[in-house]
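# Understanding the architecture of this molecule
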Amino acid sequence: MRWAALVLLLGGSLLHGAEPNVVVLDSTDISFMHDALKRIDVPSQRSDKLDADVLSRHRIVVLAGKDLPLDAMSGKRLDQHLRSGGRVLAVGGGAKWMLQQKLFDASGYYPTGTTTFMSKFDGYHRLTFGYPVASPKENWTYGVPNLLRATDGPLMRLGPQAHSVLAAGGPFSLMAYQRFGKGIALLIGPDPQGGNEFQSLGNSKPTAKRGDELDTDRLLANSIGWLRNESGNLIPNPGFEVLTDAGPEKSHWELSANNGGVTSWRREGAPEGKVFVTLKRKDAPSAANLSPYVPIVVEPGAAYRFSCRHRSTGGWRVVVRHIRSLDDGYSKAEQKPIAVAAVADWSRFETELVVPEGIRYLGFVLQPAAAGEVSLDDIQLEPVAR
C-alpha cells in the first residue's frame, strides 16, 4: 500500500491528485527528500533559490539536507510567506537554518555525528497517525522509532509559541510546529526521508538509509498532508477498528473497570465500521471508563468540536481534562465534565470545546454517570475552522 493511501486510511488528507504546490530547495544530500516524495506520491518542484516568484507559486516550501543556499533576505521573504498563509516543512539541516535565522521559537542542541532516535509521543496529533506500526522495530510502541538524524538537525528546546508532537527525552523535542499569522512552520530535527548514516566519527563510508526501510516515510506523508489541510480528526483509530486487541499502546484506547464495572469491545451491530465499545456500571461504587491512551495535542485559545455516536440506558459523561504540561499528568489536570442524556437508539452527540490559555493537551474519560450501560463509536475531535 502506498503511503499516501495509508494516510487516507488513517484519517489523513488526500495527497493524490493535489496540485504540485510543493517546492523543494536544492541543497547537499537533498536526493533523499526527492526520492521520498516520489515514494509517497507527492508531486513537487525543485528550485535553487527562494525568491518572490518561487514563493508566490508554491504554498509549501520544503527545506532539507545541508548547506542550504539561503541568506538573511531569504529569511525575511520566508517570514512574509508564512504570515501570508504559506507553509514551511523544515527537516534536518533545514530546521537548523530556521533556528539560526530565529524563524522558530526554539533553541537547538546538535549532537556530533549521525544519530538514530526512538521518539516518544508528546501527544496524539494527525502528524502521529499510523504509529506505532503493528510490528515496530525493536518493539518500540511509545512513538516513532528509527528517526535518523543525518543532516545536522536540531534537538529543540521550545519556547511558548511552539507546540511539540514528538519528544527526544528531557527538555527536547524532535518534531514541533508554530503558527505565523495564517501560516505554519513544521520542524523535524531528524530526517524521516532517510539519509546517509555514519557508523563512526572517523573516515568510515556512509550507509544510505531510506525512509521506507526505516518505516518513517509515513511521518513525512503525514506532515505534507497536514500542511495541506489542517481539518480532520485528531484522535487516532476513532472507530476502534485498528489493532483492537493489541493493547492500548497500539489501539490507542484504554479500557478500565473496577468494583464490578464491565468494559467490552463489541463486533456486531456497530453503527460505524465493525467494532464499538460498551461500558457498564452496575451501581454507585462501580466504574467503567474509556479514554485515549495518550493526551491530544491542542492549541491554547483554539476551538475544537468533540463528537461521537452513542446509545445508553442511563446518563453518561465526557470528563475533559485540561493538561498544561505532561509533567502534570492526568491526576493533576483540571476536570470539566460534560453530561450526556440517555438515548435508546444510536445518535450523534456533539459539543464545542474552547481550550483555555496555557492548556496544550486534552485528555478524555468517557464513563456512565450512574448505573446502566453506554455504547460508543466514531469518536472525533476536530479543529473548528479559524
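Notes on the structure follow. Just so we're clear, the structure is a prediction, and the values are computed from it rather than from any experiment.

### Re the pattern of salt bridges
The final tally for this structure, using the stated rule, is 16 salt bridges. Two residues, Arg-46 and Asp-26, come together in a salt bridge whose shortest N-O distance is 3.0 Å. Taken together, the residues Arg-46 in strand S2 (residues 45–47) and Asp-26 in the loop between strand S1 (22–25) and helix H2 (31–39) connect sequence positions 20 residues apart. The class for Arg-46 is exposed, based on a relative accessible area of 54%. With a relative accessible area of 23%, Asp-26 lands in the partly exposed category. One salt bridge connects Arg-87 with Glu-230, and the closest N-O pair in it is separated by 3.0 Å. On the criterion of sequence distance, the pair formed by Arg-87 in strand S4 (residues 87–91) and Glu-230 in the loop between helix H7 (217–228) and helix H8 (248–251) is long-range, its members being 143 residues apart.

### Remarks on the packing of H2 against H7
Geometrically, a packed helix pair is captured by the angle between its two axes and the distance between the axes. In the contact formed by H2 and H7, the axes pass within 10 Å of each other and the chain directions differ by 75°. Overall, the two elements H2 and H7 adopt an arrangement that is roughly perpendicular. In contact with Met-33, Ala-36, Leu-37 and Arg-39 of H2, H7 contributes Asp-217, Leu-220 and Ile-224. Per-class residue counts for the contact of H2 with H7 are five nonpolar, no polar and two charged.

Criteria and cut-off values
- Residues numbered from 1 in each chain as written.
- Predicted model: local features only at pLDDT ≥ 70, side-chain atom pairs only at ≥ 80, totals over all residues.
- Heavy atoms only, no water.
- Salt bridge = Lys/Arg side-chain N within 4 Å of Asp/Glu carboxyl O.
- Helix = DSSP H or I, 4+ residues; strand = E, 2+ residues; numbered from the N terminus.
- Buried < 20%, exposed > 50% of the residue type's maximum accessible area, 1.4 Å probe, protein only.
- Axes fitted to C-alpha atoms, helices over the stretch in contact; angles between N-to-C directions.
- Parallel < 35°, antiparallel > 145°, perpendicular 65-115°, else oblique.
- Contact = heavy atoms within 4.5 Å.
- Nonpolar A, V, L, I, M, F, W, Y, C, P; charged D, E, K, R; others polar.

Such coordinate-based values are descriptive only and should not be taken to indicate function.
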